[in-house]
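# Observations on the model geometry
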Amino acid sequence: MKRIVVLISGSGSNLEAIIEACLSQRINGEVVHVISNVPDVFGLTRAAKHKIPSSVINHNNFNDRESFDRELYNQVSDLNPDLVVLAGFMRILTSNFTNPLKGKLINIHPSLLPKYPGLNTHQHAIDNQDSHHGVSIHYVTEELDGGPIIAQGAMKLDLQSSLEEVVDQIHRIEHNLYPRVIAELLDMKVGLKDNTVQFSHDSEFKDAQPLQFN
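## Some points on the overall build of the chain
When helices and strands are counted, the chain shows six helices and 10 strands. The C-alpha atoms of the chain give a radius of gyration of 17 Å, which matches the 17 Å a tight globule of 214 residues would have. If one aligns the C-alpha atoms of the chain with their principal axes, the spans along those axes are about 45 × 40 × 35 Å. Taking all 214 residues of the chain together, the buried fraction comes to 50%. Within the structure as shown, the chain displays about 10,600 Å² of accessible surface, and the carbon and sulfur contribution to it stands at 46%. Of note, the chain has its 18 positive side-chain charges centred 5 Å away from the centre of its 26 negative side-chain charges.

Structure, rendered in structure tokens:
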């Protein structure tokens, strides 16, 4: 069974979707540990509900970003993961963490990258009256939201929708798409070579076009 470590900072709704996909065998793997950089978040409660071990590495206890990343890497490395999944992990990671895990570290970002890296992506899309909005799943590098893109999911953006309605639509896409990408990564249908994403002939993501969601 492939080993998944999930890093969170908040409620863990994507964590829940990943756990459920593992339990239903849509993912050939299991979440073996959850790490949060914020104490007492609901994602830790979700892990406990499923009897998954968890730990907290509070970034406020470190003098700088590099020392936090070294401690985070040491704990993750000890878990011997096949894949490290950022699921609402709200930290910019340095090369101390990203370089040793190259090809095994992924993130989901709520925009159609390269549009809108960073925060407040939904409001940016609304303010700019974009016709479409969506999510991107990508390998993680030290460049903020700049790693090679594995898959994207897009939806038509109704500019009459409230911000809360847009967020809810994006969450539904995330919870659908992230487990599917994780499954393909663990089944070796997707990989990284020379900083380029490689797809097998039977990967559903090989066409490199955003999947469309209603």
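## As for the environment of D187
Note on placement: D187 falls in the loop between α6 (163-186) and β8 (190-193). Given the relative accessible area of 39%, D187 is considered partly exposed. Distance in space between the C-alpha atoms of D187 and I4 is 13 Å, their sequence separation being 183 residues.

## Concerning the packing of helix α1 (residues 13-23) against helix α2 (residues 42-49)
Interaxial distance between α1 and α2 falls to 9 Å at its minimum, and their mutual angle equals 20°. Taken as axis vectors, α1 and α2 run roughly parallel relative to one another. Considering how the two elements wind past one another, α1 and α2 form a crossing that is right-handed. Here S13, L15 and E16 of α1 come into contact with α2, specifically with G43, R46 and K49. Of the residues that constitute the contact of α1 with α2, the class distribution is one nonpolar, two polar and three charged.

## Considering the nonpolar core
Among the nonpolar cores identified, the biggest contains 45 residues, and I4, I27, V31, V85, I106, I150 and I182 are the most heavily contacted of them. Ranked by residues supplied to this core, first place goes to α6 with 10 residues. Beyond its immediate stretch of four places on either side in the chain, I4 contacts C22, I27, G29, E30, V31, V32, H33, L83, V85, I182 and L186. Counting residues in each nonpolar core, the second largest holds 17 residues, with L7, V76, F89 and L93 among its members.

## Points about the side chain of T121
By the element assignment, T121 lies in helix α5 (residues 121-127). Here P110 takes part through its backbone oxygen, which lies 2.6 Å from a polar atom of the side chain of T121. Contacts of T121, omitting those with residues within four sequence positions, involve H109, P110, S111, Y116 and H133.

## A few points about the pairing of strand β5 (residues 105-109)
Within β5, five of the five residues are buried, leaving the element largely enclosed by the surrounding structure. Summarising the sheet, strand β4 (residues 83-86) and β5 pair through three bridges and their orientation is parallel. Residue pairing in the sheet places V84 in a bridge with L105 of β5. One ladder, built from four bridges, connects β5 with strand β6 (residues 132-139); its direction is antiparallel.

## What to know about the sheet that holds β4
Spatially, β3-β2-β1-β4-β5-β6-β7-β10 is the arrangement adopted by the eight strands of the open sheet, whose pairing is mixed. Single-partner strands in this sheet number two, and they are β3 (54-56) and β10 (211-213). The sheet shows a mean angle of 20° between the axes of neighbouring strands, direction not considered. Its contacts with the sheet put α2 on β1 (2-8), β2 (29-36) and β3, and the angle it makes with β3 is roughly 155°.

## Description of α2
Structurally, the α-helix is built with 3.6 residues per turn, so residues lying three or four positions apart point the same way. Among the residues making up α2, those that are buried are G43, L44, R46 and A47. The arc enclosing the buried residues of α2, seen along the axis, measures out at 155°, which places them on a common side. Opposite its buried face, α2 presents the exposed residues A48 and K49, each directed more than 90 degrees away. Tucked inside the fold, the buried residues of α2 contact β1, α1, β2 and β3. Directly after α2, the chain includes K51, whose backbone phi takes a positive value near 60°.

About the thresholds
Residues numbered from 1 in each chain as written. Predicted model: local features only at pLDDT ≥ 70, side-chain atom pairs only at ≥ 80, totals over all residues. Heavy atoms only, no water. Helix = DSSP H or I, 4+ residues; strand = E, 2+ residues; numbered from the N terminus. Rg over C-alpha atoms; globule rule 2.2 N^0.38 Å. Buried < 20%, exposed > 50% of the residue type's maximum accessible area, 1.4 Å probe, protein only. Areas by Shrake-Rupley, 256 points an atom, 1.4 Å probe, with all protein chains shown as cover. Lys, Arg positive; Asp, Glu negative; His and termini not counted. Charge placed at Lys NZ, Arg CZ, Asp CG, Glu CD. Axes fitted to C-alpha atoms, helices over the stretch in contact; angles between N-to-C directions. Parallel < 35°, antiparallel > 145°, perpendicular 65-115°, else oblique. Left-handed = near helix turned anticlockwise from the far one by under 90°. Contact = heavy atoms within 4.5 Å. Nonpolar A, V, L, I, M, F, W, Y, C, P; charged D, E, K, R; others polar. Core = buried A, V, L, I, M, F, W, Y, C linked by side-chain atoms within 4.5 Å. Polar contact = N/O pair within 3.5 Å; in protein donor to acceptor, adjacent residues only side chain to side chain. Pairing = 2+ DSSP bridges. Arc of directions from axis to C-beta.

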